[in-house]
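A structural walkthrough
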Amino acid sequence: MKQAQFDAVIIGAGGAGLRAALQLAQSNVKVAVVSKVFPTRSHTVAAQGGINAALGNVSEDNWHWHMFDTIKGSDYLGDQDAIEFMCREAVEIVRELEHFGVPFSRLDSGKIYQRPFGGQSQHFGESQATRTCAAADRTGHAILHSLYQQNLQVGTHFFNEHLALDLIKDEQHQIAAIMSLDIQTGEYHLLRANQFLIATGGAGQLFRTNTNAMINTGDGLGMVLRAGLPLMDMEFWQFHPTGVAGKGMLISEGARGEGGVLRNAQGEAFMQRYAPKVKDLASRDVVSRAIAIEIQQGRGCGEHKDYIELDLTHLDPEMIKTRLPGIRDISLTFTGQDPINSPIPIHPSCHYMMGGIPTNLHGQVLTKQDGQMHALPNLYAIGEAACVSVHGANRLGGNSLLDIVVFGREAARHMQQQTQLGSASDLPLQMQQVEQRIHKWQRALSNNASPNNTPLSANINDNADSIYLIKQDLQRIMEQHCGVFRDAPNLAAGLPKLDALAERLNKVGLEDSAQVFNLERVQAFELENLLALGYATLHSALSRQESRGAHSRVDFPERDDQAWLKHTLYFSENHRIDDKPVNLSPLTVDGFKPKPRVY
Ligand SMILES: Cc1cc2nc3c(=O)[nH]c(=O)nc-3n(C[C@H](O)[C@H](O)[C@H](O)COP(=O)(O)OP(=O)(O)OC[C@H]3O[C@@H](n4cnc5c(N)ncnc54)[C@H](O)[C@@H]3O)c2cc1C
């Protein structure tokens, strides 16, 4: 095993991890960034629309209005101190990104271009605001590449294509190291440090149909659970109504805007039953729920009756080619069908994880002991992996890119002060847990490896269970039991199915030989994390007996502020659920009291 020592170790090289790393490296903190993919392949690269800031370049704007919109969008579950902080910092942080070299699109005046997005308003809900700063439709790409280049300049140390496995405590129960697997060589590395930051992004891979990258498996959340710490608000997942069925890539609302119609297996244009006035152009949550009902009631299309169709075949082919070329491209590439001649199979697609690792304003990870919340001294979390919570029960488009840079910078500033205070622990480490995991998958490898390392394909047994099959079943179970629409019996019925998967995961062998790129071993470690998040999600969703934001309970259709204006906390030990109050007191202004959420 190789060993190294740093002041700070950051797990994750997306926008969040890179913004934090830059801050630390600039102030001469010896910082290492561990990423399971090359940094510029992190999911931040896929963000298109933009980043919110009340610059007021196109129409009058104010951070206070942005704050109100974010709180209302969160269905009042967001913490108002964190939301105020984020919205106030937004203007300055976008300018800073510009100075880092992000090539924002421009207005004729030369100022940064901004576009209107859903849920944005002027004067606290009166009229549409124009707040989303964009670099064409490649904003995440531009931000991620600029931050990576800045990091190269200041000498941040990168461990690329390293899979972080676990946080390791010393004998005084302080986090003192992490273990990682060099994916290419199969070697393990022990990285000791004083401060640790988790920036491992989202976990959309928990659901069969999602818009996320394959790498979004919630590894940081799994590590936190195994360290005995809680996750917060894991029942809240944002679903976009029209993803490609079984694959998930987004088919933009533009397709319906141009006249596309959603149809069930009977060919019925069913949206008129759910939204007689606006039909297919109802808001995202309404359309997602309608699709879920059609499938649940047996009117889904295909052999498994598990998707519905977006029909563009009645539209002018020339119009499709000129106005919807990107959508036609996606359909041709991922379904093999030309939407000019045949409908696109679609399904609501899991897009964003509102829950995550609970933190305070400075990104310090929180836990609850003896009824009290308290912050860990040297463990931080930021970005989609964290729940600070600025998105509450529903995230507004353009607020996630903002979240990752604002809290990336803030957490690093806080760590910087702490790093000056202490040095890394050199006490003996508690290695049992991580060693067990390593040995488990090492054994699974050797059980399956043939005596003389026959190449990969020769080991494959068609009837054997596999990591791939278990992951597929997990994704299908989560979609069936905890999709857009939830109720107690269906949620509860998902739990024994997860138990069965856990048993299969204990017995399964790996088909890689240790001689090749260690992809299946990586997937095994990832699947352990995803399964842990499956439990967290089902238990949290069962506990919350109300409908709020993205969490839609058929058996409790109303929002219940009396009983449920609070965050859920999930601990993996005995699947215990606890809670944490919502902070309704901002930093400098009056709080916004919960009101019915109508647009
Ligand atoms: C298709 C799509 C479009 C989007 N569009 C927008 C938009 O227009 N505006 C907006 O505000 N938001 C958008 N979002 C959301 C936003 O892009 C993400 O929430 C945000 O970029 C997440 O950044 P992050 O740094 O937290 O994580 P990521 O960018 O996902 O980075 C995670 C990092 O963690 C590393 N990692 C994970 N696990 C491990 C491990 N075990 N070991 C080592 N490294 C690990 C990965 O290698 C990666 O470097 C979009 C999301 C998607 C999927």
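A few words now on the overall build of the protein. Looking only at helices and strands, the protein has 16 helices and 26 strands in total. In terms of overall size, the protein behaves like a compact globule, its C-alpha atoms giving a radius of gyration of 24 Å where 599 residues would be expected to give roughly 25 Å. Along the longest, intermediate and shortest principal axes, the C-alpha atoms of the protein span 65 × 60 × 50 Å. Expressed as a percentage of the 599 residues in the protein, the buried residues total 58%.

Counted by the stated rule, this structure contains 0 disulfides. Left unpaired, Cys-482 is separated from the closest cysteine sulfur, that of Cys-350, by 9.8 Å. Cys-482 gets classed as buried once you look at its relative accessible area, which sits at 0%.

It is worth spelling out the sheet that holds strand β14 (residues 231-232) at this point. Taken together, 3 strands build an open sheet; the order of strands is β14-β25-β26 and the sheet is antiparallel. Each edge of the open sheet carries a strand with a single partner, namely β14 and β26 (576-581). In the packing of helix α15 (residues 519-543) onto the sheet, contacts are made with β14, β25 (566-571) and β26, and the angle to β25 comes to roughly 140 degrees.

Domain annotation for the protein reports domain 1 (243-349) and domain 2 (432-566). Taken residue by residue, the interface counts 8 residues in domain 1 and 6 residues in domain 2. Surface buried jointly by domain 1 and domain 2 totals about 610 Å² across both partners, of which 59% is contributed by carbon and sulfur atoms. Its largest share of buried area at the contact with domain 2, domain 1 owes to Arg-289, Gln-296 and His-347, together 58% of the area lost on that side. In this structure, the connection of domain 1 to domain 2 is made through 1 salt bridge. Arg-476 is the partner of Asp-306 in a salt bridge, and the nearest nitrogen-oxygen pair spans 3.6 Å. At the junction of domain 1 with domain 2, the criterion picks out 1 residue pair in polar contact (both at pLDDT 80 or more). Counting only elements with at least two residues in the side of domain 1 that touches domain 2, the list comes to α8 (284-296) and β18 (344-353). Here the residues of the side of domain 1 that touches domain 2 are counted per class, giving 3 nonpolar, 3 polar and 2 charged.

Okay, empty space enclosed by the protein next. Using a probe with the size of a water molecule, rolled over the atoms, empty space left in the structure can be pinpointed. Counted according to the given criterion, the structure contains 3 cavities of 30 Å³ or more. If you add up the space inside the largest cavity, you get close to 50 Å³. If you go around the largest cavity, the residues you meet are Tyr-352, Met-354, Gly-383, Ala-386, Cys-387, Val-388, Ser-389, Val-390, His-391, Gly-392 and Asp-403. Broken down by class, the residue content of the lining of the largest cavity amounts to 6 nonpolar, 4 polar and 1 charged.

Attention shifts here to the packing of helix α1 (residues 15-26) against helix α4 (residues 139-154). α4 packs onto α1 with a crossing angle of 25 degrees between their chain directions and a minimal axis gap of 9 Å. Compared by their axis directions, α1 and α4 come out roughly parallel. In the crossing of α1 with α4, the sense of the turn from one axis to the other is left-handed. For the pair formed by α1 and α4, the contact residues are Gly-15, Leu-18, Arg-19, Ala-21, Leu-22, Ala-25 and Gln-26 on the first element and Leu-144, Leu-147, Tyr-148, Gln-150, Asn-151 and Val-154 on the second. In the contact of α1 with α4, the residues fall into 8 nonpolar, 4 polar and 1 charged.

Moving on: the environment of Phe-100. Summarising the element assignment, Phe-100 is placed in helix α3 (residues 80-100). Overall, the relative accessible area of 14% leaves Phe-100 in the buried class. Excluding anything up to four places from it in sequence, Phe-100 contacts Arg-19, Leu-22, Ser-146, Leu-147 and Gln-150.

So, about the pairing of strand β13 (residues 195-198). Burial along β13 is two-sided: the residues Gln-195 and Leu-197 and Phe-196 and Ile-198 are all buried. As paired strands, strand β2 (residues 8-11) and β13 are joined by 4 bridges and run parallel to one another. Counted as the bridge partner of Val-9 is Phe-196 from β13. In this structure, β13 lies alongside strand β21 (residues 372-381), joined through 3 bridges in parallel fashion. Residue pairing across strands places Phe-196 opposite Leu-379, the latter belonging to β21.

Quick look at the packing of helix α5 (residues 219-226) against α15 now. Geometry of a packed helix pair, given as the angle between the helix axes and the separation of the axes. Here α5 crosses α15 at 70 degrees, and the two axes come no closer than 8 Å. Considering the angle they form, α5 stands roughly perpendicular to α15. Facing α5, whose interface residues are Asp-219, Leu-221, Gly-222, Met-223, Leu-225 and Arg-226, α15 presents Glu-526, Asn-529, Ala-532 and Leu-533. Taken together, the residues of the contact of α5 with α15 sort by class into 5 nonpolar, 2 polar and 3 charged.

Glancing now at the layout of surface pockets. Computed from the structure, the second largest pocket encloses a volume of approximately 480 Å³. Considering the residues around the second largest pocket, the lining is formed by 17 residues, among which Arg-226, Arg-437, Glu-528, Leu-531 and Ala-532 are closest to the centre. Those elements giving two or more residues to the lining of the second largest pocket turn out to be α5, α12 (432-448), α14 (488-507) and α15. Taken together, the residues of the lining of the second largest pocket break down into 7 nonpolar, 6 polar and 4 charged.

This part is about the packing of aromatic side chains. Counting across every chain of the model gives 10 aromatic pairs. Arranged with centres 5.3 Å apart and planes meeting at 65 degrees, the rings of Phe-207 and Trp-237 form a pair that is edge-to-face. Taken as a pair, Phe-207 in the loop between β13 and α5 and Trp-237 in strand β15 (residues 237-244) lie far apart in primary sequence, 30 residues in all. Comparing Phe-207 with Trp-237, the two get one shared label, buried. Ring geometry for Phe-270 versus Tyr-274: centroids 6.1 Å apart, planes at 90 degrees, classification edge-to-face. Since its relative accessible area comes to 0%, Phe-270 is described here as buried. In this structure Tyr-274 comes out as partly exposed when scored by relative accessible area, which is 25%. Grouping aromatic residues by their ring pairs yields a cluster made of Phe-38, Tyr-148 and Phe-158. Lying across the ring of Tyr-352, Arg-395 places its NZ or CZ 4.3 Å from the centre.

Glancing now at α4. Compared with an ideal rise of 1.5 Å per residue, which puts 16 residues at 22 Å, α4 spans 23 Å between its outermost C-alpha atoms and is within 8% of the ideal. Three or more residues of α4 are buried, namely Thr-139, Gly-140, Ala-142, Ile-143, Leu-144, Ser-146, Leu-147, Tyr-148, Gln-150 and Asn-151. With its phi angle positive at about 80 degrees, Gly-155 sits one or two positions after the end of α4.

Calculation rules
Residues numbered from 1 in each chain as written. Predicted model: local features only at pLDDT ≥ 70, side-chain atom pairs only at ≥ 80, totals over all residues. Heavy atoms only, no water. Helix = DSSP H or I, 4+ residues; strand = E, 2+ residues; numbered from the N terminus. Rg over C-alpha atoms; globule rule 2.2 N^0.38 Å. Buried < 20%, exposed > 50% of the residue type's maximum accessible area, 1.4 Å probe, protein only. Disulfide = S-S within 2.5 Å. Pairing = 2+ DSSP bridges. Contact = heavy atoms within 4.5 Å. Axes fitted to C-alpha atoms, helices over the stretch in contact; angles between N-to-C directions. Domains from an automatic or database assignment. Buried area = accessible area lost by both parts, 1.4 Å probe. Salt bridge = Lys/Arg side-chain N within 4 Å of Asp/Glu carboxyl O. Polar contact = N/O pair within 3.5 Å; in protein donor to acceptor, adjacent residues only side chain to side chain. Nonpolar A, V, L, I, M, F, W, Y, C, P; charged D, E, K, R; others polar. 1 Å grid on protein atoms, 1.4 Å probe; cavity = no way out; pocket = protein on both sides within 12 Å on 5 of 7 lines; lining within 4 Å. Points joined across faces, edges and corners; volume = space filled by probe spheres on them. Parallel < 35°, antiparallel > 145°, perpendicular 65-115°, else oblique. Left-handed = near helix turned anticlockwise from the far one by under 90°. Phe/Tyr/Trp six-rings, centres within 6.5 Å; stacked < 30°, edge-to-face > 60°. Lys NZ or Arg CZ within 6 Å of the ring centre and 35° of its normal. Expected span 1.5 Å × (residues − 1).

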